[in-house]
Amino acid sequence: MANLKGITDYFKKLIFKVFKKHHAVFSNLKQEGDDVLFEFEENFSNSSLIIKNRLTSKTLEYKIENNQVHVPLKDLFHFKKGIFDIFVKVGSKNTIRVRFTEKNESFYALYENEEKTLMAYSTKNQNLSLKFRKIIDIDYNINSFVLKDGKLGIIGLLDFNANINQDFSPDFFMRIVNRNNKKEYYEEIISGYIEIPMDNLLESLDFGIYDLYIICKLGNKEYKRRIKHSFKNSENKMYLNDSIYSVMFYSTSYGNLSFKFDYNYLITDLEIDGDNIIINGEFLNGIDIFSNEDMKDSTFSPNFFIEIKNRYSGQRIEREILSEETSFSLTEFLEIADGKFFDFYFKISNDSINTKKRIRFSSKIEKLKFTLKEAKKIFILYSTIHGGLSISLEEKDFDMDITHLENVNNVLLVKGNFSVLNEDITNISKVSIIGKYRFGLETNEFPLDFIGNEFEGFIDNFDFGDLDLLDTRIDFYFRIYDGEVFYQDLIYLSNFKSIVNDEDRFLVNIYKDDLFYSYYSSQGKHSFALWITTEQSFEKSYVIARGRTIYSDSLKEKLNENMIFFESFFGKSYAGNPKYIYETMLKMGLDKKYTFVWAYSGENKDVIPGNPIIVERFKAGDYYKYLALSKYWVNNIIFPIHYKRKGNVYLQTWHGTPLKKLGFDITIPGPEVEGRENFYNESRNWDYLISSNAYSTEIFKRAFKFKKDVLELGYPINDIFFVENGEKIKQLKEKLNLPMDKKIILYAPTWKDDEKNDSWEHYFKLEIDLERLREKFSDEYIILLKMHHLVSENLKIDEIMKDFAIDVSNYDDIQELYILSDILITDYSSVFFDYAHSKRPILFFVPDLEHYISNVRGLYLNMETDMPGPIIKDNDHLIECLENIDDVKEKFKEKYDEFYEEFCSICNGHSSEEIIKKVFEL
């Protein structure tokens, strides 16, 4: 027993020594003049004190002399807010935490000014930290609102704490600030209750959006704080209505409470009756101004107008809304018709107020097109891209309507009617429908039978010569022949079908000759068009259209403040930066706080750890529902929804350091140029974008026209290179059935923009000679083939190669393949930027280099001079480099080191954690 006690005591002393080496203990901490003085028990020579702001990760460093250091208070107050963790840096690398000596030394004030106190405190691990605490801490928790007889009543509970030792008698006020003109209105809070006459408020502040503050007045000092929303229902908005006013309280994107007058006017019907345009409408939110006598007694007493504005000239006409029906003179309207587009506005006005906003398009409007025969004009109501109600007014030779579309034996039957407006058309000899290829001059003509003003016929047997019809878009025109002269115009479907939801635009589908013919109403214009595609591509587009409706409907539900939606590579993979951010959040225990949703269509859902909700991108239901409900979005490419709701936080992680040109840097025509407008709309939603180096940051800002926060903190995927991976490599080889005794070559090329057989469906030409590589290297190596996700389905490997060349294209996480591999072979893929963190050899196999640079995408770097490995243009050179890989490593050592310093040095194994703390404000 004695010997056992001696051994125990020995280990206790040993543990104490090891523990002490990892912590510094201070003997004194106090304010001294304009400084904070730190004194230490130990002698720290050649050391410095590090103060790190936990919120921003910024640090302050001071040299320790004679076991003490003075830190200027102004340096700390420069941060304004945050928690400060204290470290001692010993030598050039070893950094240790500063600790309290006793656990009960939990809190005391170091310094105090008029606004806040700098506090020293012990963390739960007994470490020393500093934080600011406000002198006066106030809050006002609102329980209910009442709007009655022109007075706004607010009932709430005051929460007040003062961190000062003096007698005081505070007064409390609500301050309401007009966000537009900064005018202020004060109302005293008595026993938690406020009553505000709305007339007084409007006279003081004018019309606008109002922000609310709780104010504590203490002597000649004033302390304030923004009031947060505390709605108890499922919405982030609350409407209040009485006989005079309609007020909407709402939560801002930062959770603050604001309110505004929310007079919304909806046009429910529009008709042309003789010489008048008759508009019927209604006020939303329950206000009835037409029979409301109390409105006349209000000092505010607004007047409401409908304004129609010529978009080209700026000329406008307006009418006051005095009843449910408002009338415009058609003659007056035509007098300002020197431009063909007109927009509707709702205007609120009195002596001091003159404000207006766009009237939204409503699906309640059933009649969308009117023919003004005497004026030879067609009057079409339509929705703008932003949902506003507008008019298109054009002079026409004829008017026509489609009344019937039907699939009859895989041929489209079309029926309709027309009327002539141009007096020069006197002898109609033929009518037909013209199909015009959207990006060319080729046309197809489909003759129609007609009697009087009615027609019918078939659309079939398209002939475009040698043009590939796959992914073709065709617009349809109606043509009238008068002898040899013909007149034609685009066919509009405005009156054929009411388009309430996006999926309603798909009208008739016909499947023949292994192609899918989808006849549809175009977005915005409602014109008649055809899309020739594959059934698979159509189904994806239809699911997205249906999903947008589900997304829109789900916006009515409350935003979930603790829900995070993850997606990687269109939901095809559990990989990339989103994966590594997610798994780090699990390690941090954040699954106790957040609900995680993963978009993943892979067969093995168990590959995702934790217990996330799993949805599929191309199944419309839950994917779009959870996308609408989630406060946080994390993606590495693009979502099918290009608009987010207020309060969303979108973290775009991206998926590589760019070698190929991106976005608006691309000048060579191709699918990336054609699709970049969608990407531009998507990038307007990003709140944060991740970058792995200064080079990427500069390119991202320019190519994506991105002006928000770029987090230059390294890529989470590369954290994997900074941990011990021996056991993981062994497990991966067992999982993939790879021999333990052979080295591994990873071949990971990109896709080529010009190798395309359908919209975003690409093929791949395998130019590497696998047979010769097998003959030369199969005794020492195996080769893993990781194709880009856009072309991976097209790879075919001969049976004879199965023991040497292994297709791992379907393996989600290329990072795990990196740590397995001894050599990387790639081309123009950005994978080499990530693989370079391993400092293992990289070979660039680019037999089409000149063609690619000139005709495909264009590159940011010079392949001949900037790469950290040899440029290889044929299989002979590739074999030579593999045979002499040690010589290649030595030859490119200096270039590799320079490359690593420029593109990889920012990564330190903690990128995931630093990004999480920044985005989720931990």
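Residues numbered from 1 in each chain as written. Predicted model: local features only at pLDDT ≥ 70, side-chain atom pairs only at ≥ 80, totals over all residues. Heavy atoms only, no water.

## So, the sheet that holds strand β54 (residues 842–845)
- Taken in spatial order, the six strands make up an open sheet running β52-β51-β48-β53-β54-β55, and their pairing is parallel. What marks the edges here is a single partner per strand, and that holds for β52 (805–807) and β55 (871–872).
- Where strand β48 (residues 743–747) and strand β51 (residues 781–785) come together, five bridges link them in parallel fashion. Each residue of the ladder has a partner; that of I745, found in β51, is I783.
- Running at roughly 175° to β54, helix α17 (residues 875–883) makes contact with β48, β53 (823–826), β54 and β55 of the sheet. (Pairing = 2+ DSSP bridges. Helix = DSSP H or I, 4+ residues; strand = E, 2+ residues; numbered from the N terminus. Contact = heavy atoms within 4.5 Å. Axes fitted to C-alpha atoms, helices over the stretch in contact; angles between N-to-C directions.)

## Thoughts on the pairing of strand β5 (residues 68–72)
- Residues V69 and V71 line the buried face of β5, whereas the alternating positions Q68, H70 and P72 sit on a face that is not buried.
- Two strands pair when backbone bridges link them, and strand β2 (residues 35–40) and β5 are joined in this way by five bridges, in the antiparallel orientation. Bridged to L37 within β5 is H70. (Buried < 20%, exposed > 50% of the residue type's maximum accessible area, 1.4 Å probe, protein only.)

## Things to note about the environment of D514
- Note on placement: D514 falls in the loop between β38 (506–512) and β39 (515–521).
- Under the relative-accessibility criterion, D514 is labelled exposed at 64%.

## Considerations on the pattern of salt bridges
- All told, the structure shown has 42 salt bridges when counted by the stated rule.
- Here R505 makes a salt bridge to D502, at a shortest N to O gap of 3.0 Å. Comparing R505 with D502 shows no difference in burial state: the two are buried.
- For E883, the salt bridge goes to K776, with nearest N and O atoms at 3.3 Å. Placement of E883 in helix α17 and of K776 in helix α12 (residues 770–777) is noted, with a sequence separation of 107 residues between them.
- When salt bridges with common partners are traced through the structure, they connect K340, E394, K396 and D489 into a single cluster. (Salt bridge = Lys/Arg side-chain N within 4 Å of Asp/Glu carboxyl O.)

## A closer look at the confidence of the model for the protein chain
- Scored by pLDDT, the protein chain comes out at a mean of 84, with 86% of its residues at no less than 70.
- In this model residues 7–21 is a low-confidence stretch, pLDDT under 50, and it forms three contacts with partners more than four residues away in sequence or in other chains.
- Here residues 753–763 scores under 50 on pLDDT; set against residues more than four positions off or in separate chains, the count is 40 contacts. (pLDDT = per-residue confidence, 0-100.)

## Quick word on the nonpolar core
- In terms of nonpolar packing, the biggest core is built from 104 residues, with F565, M585 and M863 touching the most fellow members.
- A per-element tally of this core places helix α8 (residues 620–629) first, with seven residues.
- When residues no more than four places from it in sequence are discounted, the contact partners of F565 are V597, A599, V615, Y623, Y626, L627, S630, Y632, W633, V634 and F639. (Core = buried A, V, L, I, M, F, W, Y, C linked by side-chain atoms within 4.5 Å.)

## Re helix α7 (residues 576–587)
- The end-to-end C-alpha distance of α7, which contains 12 residues, comes to 17 Å, matching closely the 16 Å that a straight helix rising 1.5 Å per residue would cover.
- A large share of α7 lies buried, amounting to 10 of its 12 residues.
- Three or more residues of α7 are buried, namely G576, N577, P578, K579, Y580, I581, Y582, T584, M585 and L586.
- Within two residues after α7, G589 carries a phi angle of roughly 80°, on the positive side. (Expected span 1.5 Å × (residues − 1).)

## Let's talk about the sheet that holds strand β22 (residues 276–283)
- One open sheet accounts for three strands, arranged β21-β22-β25; its pairing is antiparallel. Looking at which strands have only one partner, the edges of the open sheet turn out to be β21 (265–273) and β25 (325–329). Averaged over all adjacent pairs, the angle separating strand axes in this sheet is 25°, with direction ignored.
- Relative to β25, β22 runs antiparallel, the two being bridged by five bridges. Each bridged residue has a counterpart across the sheet, and for N280 the counterpart in β25 is E325.

## A few points about the pairing of strand β3 (residues 47–53)
- Across the seven residues of β3, six count as buried, placing the element largely inside the fold.
- Relative to strand β6 (residues 83–90), β3 runs antiparallel, the two sharing seven bridges. Residue pairing for β6: S48 is matched across the bridge by K89.
- The pairing of β3 with strand β4 (residues 59–63) spans five bridges and is antiparallel. Bridge pairing links S48 to K63 in β4.
- Where β3 folds back onto β4 in an antiparallel hairpin, the turn is made up of five residues, including S57, whose phi is positive at roughly 70°.

## Digging into the environment of C881
- On the secondary structure map, C881 appears in helix α17.
- Note: C-alpha distance between C881 and L843 (38 residues apart in sequence) is 8.0 Å.
- Leaving out residues up to four positions away in the same chain, C881 has contacts with L843, P870, I872 and V888.

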